[in-house]
Amino acid sequence: MSISESGDARRYGLSDLHLTALSDEIHLYLLLAGLKIAYGGALTGSFPQGYNFTLRLFDLVRGYSKLAEGVSAQPLTVAVLNVAPWPLRLNYGDREWALFDGEVARYQEGPRPDLPWSDDDLFPLHGEKRNLAADNPRKRYAWAHGLTAMRQSITVCSQARLVLGGKMTGFAGLVPGVIEEAWMSLNQGQPVYLAGGFGGAARAVCDLLRGYERKEFNEDWIGLNVAGYTDAVGCFPADTTRLNLLPRIGSEIAALAGEDLGKVLKNGLDDSENRELMASTDARQITELVLRGVGRL
């Protein structure tokens with residue numbers, strides 16, 4: 001799952017609470033269909049009004065295990081894989097480890113990227129916790145590489161990706177995470193399901209594939225919307241992987257516009273079904289299309 005809050009959901013007639021409620025429904029249908037969900041979300045923090053996508057997934061597994069038995073579905077046993085990104089996992093402790101007691105979810109440690117600075121240099125301890133805020137160029141650069149390493153791990157260990165919502169601003173790294181995840185899957189030929197009706201990063205990818213221009217995929221836009229972007233990209237000159245990354249992602253995705261979306265996304269759906277999925281805000285319709293594609297594959 002590539003999912004986070006969508007900053008422009010209201011443009012499409014939805015509130016943040018619509019997104020959270022509908023994502024619950026989608027996750028539940030997928031779980032009851034016997035699929036397991038890999039997600040790199042945080043085990044701390046909330047959005048909005050106490051909502052946290054990761055913890056809600058855990059709650060769905062706990063709350064609906066008996067229902068799964070009653071409808072002869074696959075048991076909801078270790079139904080979630082949480083890949084914890086570095087550096088976020090540096091502040092995990094007993095409270096977070098306790099979430100993995102029982103048969104709900106499995107924990108996998110996201111790789112620590114190869115950086116020229118130690119954890120203590122980047123994120124010094126303040127009492128029992130580290131200050132993980134991406135509030136200077138080196139820390140934002142480190143966050144970007146840690147999140148990329150987590151996303152690569154999830155892409156390798158999963159068989160398909162569903163993209164829903166996603167922040168275009170206010171993220172910890174250097175490019176929107178849901179954009180980077182969709183791009184990784186497209187590059188690796190992994191089946192991708194794009195639900196763009198909720199706006200956000202998923203909608204941006206859908207728009208590029210449908211031939212619409214998006215202003216966000218240029219260096220000027222990201223320089224204005226990501227605090228300390230230029231300094232962060234330049235803080236380790238030997239690494240050129242971050243230079244013009246978002247424009248490069250945008251141009252590679254946009255180059256696929258005009259092609260049959262079934263062949264581009266390799267997800268078992270034809271072009272018209274993918275366009276239907278891109279526009280839908282109905283949880284049952286989205287899930288039906290995803291399961292139809294998975295079934296064909």
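Here, the structure is the one placed above.
In short, a report on the structure. (Residues numbered from 1 in each chain as written. Predicted model: local features only at pLDDT ≥ 70, side-chain atom pairs only at ≥ 80, totals over all residues. Heavy atoms only, no water.)

Some details on the packing of helix α7 (residues 200–209) against helix α10 (residues 245–254)
Here α7 crosses α10 at 50°, and the two axes come no closer than 8 Å. Classified by the interaxial angle, the pair formed by α7 and α10 is oblique. Taking contact as the criterion, the partners of Val205, Leu208 and Leu209 in α7 are, on α10, Gly250, Ile253 and Ala254. Split into classes, the residues belonging to the contact of α7 with α10 amount to 5 nonpolar, 1 polar and no charged. (Axes fitted to C-alpha atoms, helices over the stretch in contact; angles between N-to-C directions. Helix = DSSP H or I, 4+ residues; strand = E, 2+ residues; numbered from the N terminus. Parallel < 35°, antiparallel > 145°, perpendicular 65-115°, else oblique. Contact = heavy atoms within 4.5 Å. Nonpolar A, V, L, I, M, F, W, Y, C, P; charged D, E, K, R; others polar.)

Brief notes about the pattern of salt bridges
Applying the stated rule across the entire model yields 19 salt bridges. Lys139 serves as the salt-bridge partner of Asp135, at 2.9 Å between the closest nitrogen and oxygen. Under the relative-accessibility criterion, Asp135 is labelled exposed at 51%. Judged by its relative accessible area of 3%, Lys139 is buried. The closest approach of N and O atoms between Glu180 and Arg151, which form a salt bridge, is 2.6 Å. Within this pair, whereas Glu180 is found in helix α6 (residues 177–187), its partner Arg151 is found in helix α5 (residues 137–157), the two being separated by 29 residues in sequence. Considered together, Glu180 and Arg151 belong to a single accessibility category, that of buried residues. Via salt bridges that share partners, Arg203, Asp207, Arg210, Arg214 and Glu216 belong to a single interconnected network. (Salt bridge = Lys/Arg side-chain N within 4 Å of Asp/Glu carboxyl O. Buried < 20%, exposed > 50% of the residue type's maximum accessible area, 1.4 Å probe, protein only.)

Considerations on the environment of Ile37
Note on placement: Ile37 falls in strand β2 (residues 37–39). According to the relative accessible area criterion, Ile37 is buried, its value standing at 5%. Spatially, the C-alpha atom of Ile37 lies 25 Å from that of Ile253, the residues being 216 residues apart in sequence. Here Ile37 is in contact with Met1, His27, Leu31, Leu57, Ala79, Val80 and Leu81, once residues within four sequence places are set aside.

Some words on the sheet that holds strand β7 (residues 161–165)
Sheet architecture is open: 3 strands sit in the order β1-β7-β8, paired in parallel fashion. At either margin of the open sheet sits one strand with a lone partner, and together these are β1 (2–4) and β8 (192–195). The average angle at which neighbouring strand axes cross in this sheet is 20°, direction not considered. Pairing geometry for β1 and β7, over 3 bridges, is parallel. Of the residues in β7, the one forming a bridge with Ile3 is Leu164. Strand contacts of α6: β1, β7 and β8, with the helix running at about 155° to β7, the strand carrying the most contacts. (Pairing = 2+ DSSP bridges.)

In short, geometric facts, not functional conclusions.
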